Amino acid sequence: VQAHRLCPPRRAGSSLEPEERSMEPPAVPEEEEEEEEEGAVPLSVAPGPVGCQLFGYVGIEAVLDQMKIKTMKTGFEFNIMVVGQSGLGKSTMVNTLFKSKVSRKSSQPGQDERIPKTVQLQSITHVIEEKGVKMKLTVTDTPGFGDQINNENCWDPIIKYINEQYERYLREEILITRKRKIPDTRVHGCVYFVPPTGHWLRPLDLEFMRRLSKIVNVVPVIAKADTLTLEERAEFKQRIQGDLKTHAISVYPQEDFDQDPEDRALNDRIREKIPFAVVGADQEHQVNGKRVLGRKTKWGIIEVENPAHCEFPLLRDLLIRSHLQDLKDITHNVHYESYRVRRLNESNQLGLST
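Rules and cut-offs
- As a convention, each chain's residues are numbered from 1 in the sequence order in which they are written.
- In view of the model being predicted, local features appear only for residues whose pLDDT reaches at least 70, and side-chain atom pairs are presented and counted only at 80 or more, with totals across whole chains, interfaces and linings using the full set of residues.
- Note that water and hydrogens are dropped before the side-chain values are worked out from all heavy atoms of the structure.
- UniProt positions are given in the numbering used here, feature names are shortened, and annotations may be inferred rather than shown by experiment.
- Strand pairing is assigned whenever DSSP detects at least two bridges linking the two strands.
- Put simply, DSSP marks the helices as runs of H or I at least four residues long and the strands as runs of E at least two long, and each gets a number from the N terminus on.
- Each Phe, Tyr or Trp ring, with Trp reduced to its six-membered ring, pairs with another whose centre is within 6.5 Å; inter-plane angles below 30 degrees give stacked pairs, above 60 give edge-to-face pairs, and intermediate values give tilted ones.
- Classification of residues uses two cut-offs on accessible area relative to the type maximum, computed with a 1.4 Å probe and protein chains only: under 20% is buried, over 50% is exposed, and between them is partly exposed.
- To get an axis, a line is fitted to the C-alpha atoms, and for a helix only the part in contact is used. The angle between two axes follows their N-to-C directions and goes from 0 to 180 degrees.
- Geometric relationships in this document are graded by angle, where less than 35 degrees denotes roughly parallel, more than 145 denotes roughly antiparallel, 65 to 115 denotes roughly perpendicular, and other angles denote oblique.
- Crossing handedness follows the turn of the near helix against the far one: under a right angle anticlockwise gives a left-handed crossing, and clockwise gives a right-handed one.
- Only heavy atoms matter for contacts: two residues are in contact if any of them lie within 4.5 Å across the pair.
- Polar here means any residue other than Ala, Val, Leu, Ile, Met, Phe, Trp, Tyr, Cys and Pro, which are nonpolar, and Asp, Glu, Lys and Arg, which are charged; Gly is therefore polar.

Identification of the protein chain as SEP12 protein from Cisticola juncidis is taken from an unreviewed UniProt entry. Per UniProt, the protein chain has the following entry under Subcellular location (unreviewed entry): "Cytoplasm, Cytoskeleton". Taken directly from UniProt, the Sequence similarities (unreviewed entry) text for the protein chain runs: "Belongs to the TRAFAC class TrmE-Era-EngA-EngB-Septin-like GTPase superfamily. Septin GTPase family."

Asks: How should the sheet that holds strand β4 (residues 189–194) be read in this particular structure?
Replies: Two modes of strand pairing occur in sheets, parallel and antiparallel, and in both the strands are linked by backbone hydrogen bonds. As summarised here, the arrangement of the six strands in space is β2-β3-β1-β4-β5-β6, forming an open sheet in which the pairing is mixed. This sheet does not close on itself; its edge strands, each paired only once, are β2 (122–130) and β6 (276–277). Pairing analysis gives four bridges linking strand β1 (residues 76–83) to β4, with the strands arranged parallel. Bridging from a neighbouring strand, Ile80 pairs with Gly189 of β4.

Asks: When you look at unusual backbone geometry in this model, what are you seeing that I'm missing?
Replies: With the exception of glycine, most residues fall at negative phi, and the peptide bonds are largely trans. Note the cis peptide between Tyr252 and Pro253, where omega equals -5°. Along the chain, the position of Pro253 falls in the loop between α7 (230–246) and α8 (261–273). Following Ile274, the chain continues into Pro275 via a peptide bond in cis, with omega recorded as 5°. By the secondary structure assignment, Pro275 is in the loop between α8 and β6. Positive phi, normally seen in glycine, also occurs at Ala248, with a value near 55°. Structurally, Ala248 can be placed in the loop between α7 and α8.

Asks: Mind showing me how you'd approach the packing of aromatic side chains here?
Replies: Inspection of every chain in the model, using the stated rule, returns six aromatic pairs. Aromatic pair Tyr166 and Tyr336: ring centres 6.1 Å apart, planes at 55°, arrangement tilted. In this pair, Tyr166 is assigned in helix α5 (residues 156–173) and Tyr336 in helix α10 (residues 324–353), connecting sequence segments 170 residues apart. Relative accessible area serves as the criterion here: at 1%, Tyr166 is assigned to the buried category. A ring pair is formed by Tyr169 and Tyr336, whose centres lie 5.1 Å apart and whose planes are at 85°; its orientation type is edge-to-face.

Asks: Hey, could you run me through the packing of helix α4 (residues 90–98) against helix α9 (residues 312–322) in this one?
Replies: Geometry of a packed helix pair, given as the angle between the helix axes and the separation of the axes. Across the interface, α4 lies against α9 with an axial gap of 10 Å and an inter-helix angle of 70°. With respect to each other, α4 and α9 are oriented roughly perpendicular. At the point where α4 passes α9, the crossing takes the right-handed sense. Where α4 abuts α9, its residues Met93, Thr96, Leu97 and Phe98 lie against Phe312, Leu315, Arg316, Leu319 and Ile320. Counted by class, the contact of α4 with α9 contains seven nonpolar, one polar and one charged residues.

Asks: Got a minute to help me understand the sheet that holds strand β8 (residues 290–297) in this structure?
Replies: Taking strand neighbours across the sheet as the criterion, the three strands line up as β7-β8-β9 in an open arrangement whose pairing is antiparallel. Both outer strands of the open sheet, β7 (284–287) and β9 (300–303), are each paired with one neighbouring strand and no more. Each neighbouring strand pair of the sheet contributes to a mean axis angle of 70°, computed without reference to strand direction. Direction of pairing for β8 relative to β9: antiparallel, over a ladder of four bridges. The residue of β9 that forms the bridge with Thr297 is Gly300.

Next up, the structure:
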C-alpha cells in the first residue's frame, strides 16, 4: 500500500523502464509568459530577507556576557613602547597613563633603579587589575635614544627588537603542536616623544617615524607641552602635521585601515589633534577640595586630566579606552601579517635554491 502511495500511477502502455527526460526546461504557455512580464517576479531573482523576526527571546545577546566572563578569567595582553630622548618624561607619562608605578625611571637616585643611558631596551611586565579585568602590561623603554653625538642608525636596536617579537610569535605559530594561546610579546603601540622645540621636526624624528611606521603603530606626542604657550603649541602642531604629510609618514590611526564611515569620522577627529600635546605627572595635589594629578608650579597647578590644560585625556582615550583592541588588531592583521609573508617567502626561496 505504501509503495502504491509513493509511486504515481502508470499510464497504459508504459513499460517498467524510466522515461527519458530532456534537460531543457518545459515550455511555458504564451499566456503565462505575458503574466510574468506584467507583474510577477521570478523566484530565482527575488531578493532574500535582510533579517529574521524572532517570535520570542532566544538569548543571542548572552554571547557578549560569555565573552566578557572568559576575558575576565583569562585576561589579555597589551605591549607598549615609549621612544624619545632622556628627560622628556617617558616613564612619568606611562605611570600617569596607568596610574601606577609601571615604568622605571632613569632619574631615580637609587643605583638599582637607574637605567643606563644607552640604546639598550628595557622591558618591564606588570599585571594590572581593574574591576575584575586583568591586563598583562609590558612597557618597553628606550633610554638614551638620540642622546649620542652621532645618532646614525640609532633606530636599529628598536627595529631589531620589534622584529624579534614577530619572529618569536611566528615560530610558535608554525609549530605542528602549538599552544592553545600563544604568548603575545609583539609591540602593539609605539609612543614617540617629540621635544617641545616649537620649530620643525628634526631629521632624526622624521627618519625614525618613517622607518617605524611601516612595522608598528606609531603615535607621536609633544612632550612637556607646558613649556609652550597655547599659540606656540597650535603652530607647532601644524608644522608637525605638515612635515608628516610632506614625507608621506602614516601614523596611527592610519586612513587606509578605517573599516566604516563611523570609524573614519572618529579617526578624522583624532588625526586633527595629532600629535597630542601632553603633560605627565604622577603626584596628586589639592585643587578646589579635590585630589587631582598635576604638576605644581609657582603660577599654579597644571592638571593633567583637564582638557583645558593639556591633551593627555585624548592620548589616554586613544591608547586604552577606545582603540586598544584596534591597536592589537592592526598589529596582528597588518604589521605581523606583512612580516609573516616576507619570512615565508624568504624560506620558500631558500628551499628552492637548495
